[in-house]
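Single-letter residue listing:
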Amino acid sequence: MERKFIFSIDEFYHVYNRGIEKRKIFVKPADYERFIKLLYLCNGTEPIVTKLVQGLPPDDLFSLKVGNKIVDIGAYCLMPNHFHLLLKERVENGISIFMLKLLTGYSMYFNKKYKRTGQLFEGTFKANHLGDDNYLKYMYAYIHLNPIKLIDSKWKERGINNAKKAKSYLLIYKYSSYLDYITAGRAEGRILNKRAFPEYFSGKKEFKDFTDDWLNYKDEGEEVLNIPTPRITLGK
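Residues numbered from 1 in each chain as written. Predicted model: local features only at pLDDT ≥ 70, side-chain atom pairs only at ≥ 80, totals over all residues. Heavy atoms only, no water.

### Comments concerning the overall build of the protein chain
Thought 1: Per the secondary structure count, the protein chain includes 10 helices and four strands.
Thought 2: Secondary structure of the protein chain in N-to-C order comes out as β-α-α-α-β-β-α-β-α-α-α-α-α-α.
Thought 3: The globule rule puts the C-alpha radius of gyration for 236 residues at 18 Å, and the 17 Å found for the protein chain is close to it.
Thought 4: Structurally, the protein chain occupies a C-alpha span of about 50 × 40 × 35 Å along its principal axes.
Thought 5: Here the protein chain holds 236 residues, and 49% of them are scored as buried. (Helix = DSSP H or I, 4+ residues; strand = E, 2+ residues; numbered from the N terminus. Rg over C-alpha atoms; globule rule 2.2 N^0.38 Å. Buried < 20%, exposed > 50% of the residue type's maximum accessible area, 1.4 Å probe, protein only.)

Below you can see the structure in the form of structure tokens.
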């Protein structure tokens, strides 16, 4: 489906996609880790030969020079059959170039590893323009709380069953940027450029309190707050 907007410099976007026919695009931990590495390596003007960086420890890999950044990444979350990114257009066509590099690089890796051919993702990546301030702030919760679906698939419709369990699960889920907002020192944190996004949170506690609060809302709670909630059905 053709987008109804053109990516514009200094604007914010929720970018997402899932595997074709809802198939899993991350099968093993190494798959998640490869995609996360590509989030960093593909965000630059310099070409990266992935075989030359294989085996590098995180501190070294996420310190590599990749040239001038082409997008700003504010948040991400990987799920078994889909992913979510919070991006800011930094240069003209930056998001389109970044996503082409990212999805092509990952598809080539995945198809070679699992001895398959053909399309891995469901068509062109999807995107929503986050032009409303409330909408943009809400996406920090929407993206980072996605992993809760893996332990409680209906929590948004019926409310959270066990908030303590859900919060604990977020602390051990490595495949999102949640930990980079509530802790310090992860090498993966260099993927993000938080300064390019509004300062909604004064510190780690305020961010954690914000996401914790959203665990207490059902879908109708989002409507009460007058947030234009994205209706995205991607499965687990």
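### Comments concerning empty space enclosed by the protein
Thought 1: Throughout the structure, instances matching the rule amount to one cavity of 30 Å³ or more.
Thought 2: In this structure, the largest cavity encloses a volume near 100 Å³.
Thought 3: Around the largest cavity sit 11 residues that line it, and Tyr-138, Tyr-142, Leu-145, Trp-155 and Lys-156 are the ones nearest its centre.
Thought 4: Going through the elements one at a time, helix 5 (133-144) and helix 6 (155-158) are the ones with two or more residues in the lining of the largest cavity.
Thought 5: The element best represented in the lining of the largest cavity is helix 5, accounting for three residues. (1 Å grid on protein atoms, 1.4 Å probe; cavity = no way out; pocket = protein on both sides within 12 Å on 5 of 7 lines; lining within 4 Å. Points joined across faces, edges and corners; volume = space filled by probe spheres on them.)

### Topic: the packing of helix 5 against helix 9 (residues 204-214)
Thought 1: Where helix 5 contacts helix 9, the two axes come as close as 9 Å, and the packing angle between them is 70°. In terms of their interaxial angle, helix 5 and helix 9 are classed as roughly perpendicular. Note on element contacts: helix 9 touches helix 5 through Phe-207, Phe-210, Thr-211 and Trp-214, opposite Lys-137, Tyr-138, Tyr-140, Ala-141 and His-144.
Thought 2: The class makeup of the residues in the contact of helix 5 with helix 9 is six nonpolar, two polar and one charged. (Axes fitted to C-alpha atoms, helices over the stretch in contact; angles between N-to-C directions. Parallel < 35°, antiparallel > 145°, perpendicular 65-115°, else oblique. Contact = heavy atoms within 4.5 Å. Nonpolar A, V, L, I, M, F, W, Y, C, P; charged D, E, K, R; others polar.)

### Remarks on the nonpolar core
Thought 1: If you look at the biggest cluster of nonpolar residues, it comprises 73 residues, and the most contacted ones within it are Phe-35, Leu-85, Phe-98 and Met-99.
Thought 2: The contacts of Phe-35, once residues within four sequence positions are left out, are Phe-26, Leu-78, Phe-83, Leu-102, Leu-103, Tyr-106 and Phe-121. (Core = buried A, V, L, I, M, F, W, Y, C linked by side-chain atoms within 4.5 Å.)

### Details of helix 4 (residues 94-113)
Each turn of an α-helix holds 3.6 residues, which means side chains three or four residues apart point in the same direction.
Thought 1: With 20 residues, helix 4 ought to run about 28 Å at 1.5 Å a step, and its terminal C-alpha atoms sit 28 Å apart, in line with that.
Thought 2: Elements that come into contact with the buried residues of helix 4 comprise strand 1 (12-18), helix 1 (29-41), strand 2 (71-79) and strand 3 (82-89).
Thought 3: Phi turns positive, to about 55°, at Lys-115, one or two residues after helix 4. (Expected span 1.5 Å × (residues − 1).)

### Re the sheet that holds strand 1
Thought 1: Ordered in space as 2-3-1-4, the four strands form an open sheet in which the pairing is antiparallel. The strands lining the two open edges of the sheet, one partner per strand, are strand 2 and strand 4 (126-129). Mean inter-strand twist for the sheet, computed between neighbouring axes without regard to direction, equals 20°.
Thought 2: Judged from the four bridges that link them, strand 1 and strand 4 form a sheet pairing that is antiparallel. Within strand 4, the position partnered with Tyr-13 by the bridge is His-129.
Thought 3: Along the sheet, helix 4 contacts strand 1, strand 2 and strand 3; its crossing angle with strand 3, the most-contacted strand, is approximately 150°. (Pairing = 2+ DSSP bridges.)

### Considering the pattern of salt bridges
Thought 1: On inspection of all chains with the given rule, the structure shows 10 salt bridges.
Thought 2: With a closest N to O distance of 3.0 Å, Glu-122 and Arg-18 form a salt bridge. Of the two residues, Glu-122 sits in the loop between helix 4 and strand 4 while Arg-18 sits in strand 1, which places them 104 residues apart along the sequence.
Thought 3: We classify Glu-122 as partly exposed; its relative accessible area is 27%.
Thought 4: By relative accessible area, Arg-18 is classed as buried at 12%. (Salt bridge = Lys/Arg side-chain N within 4 Å of Asp/Glu carboxyl O.)

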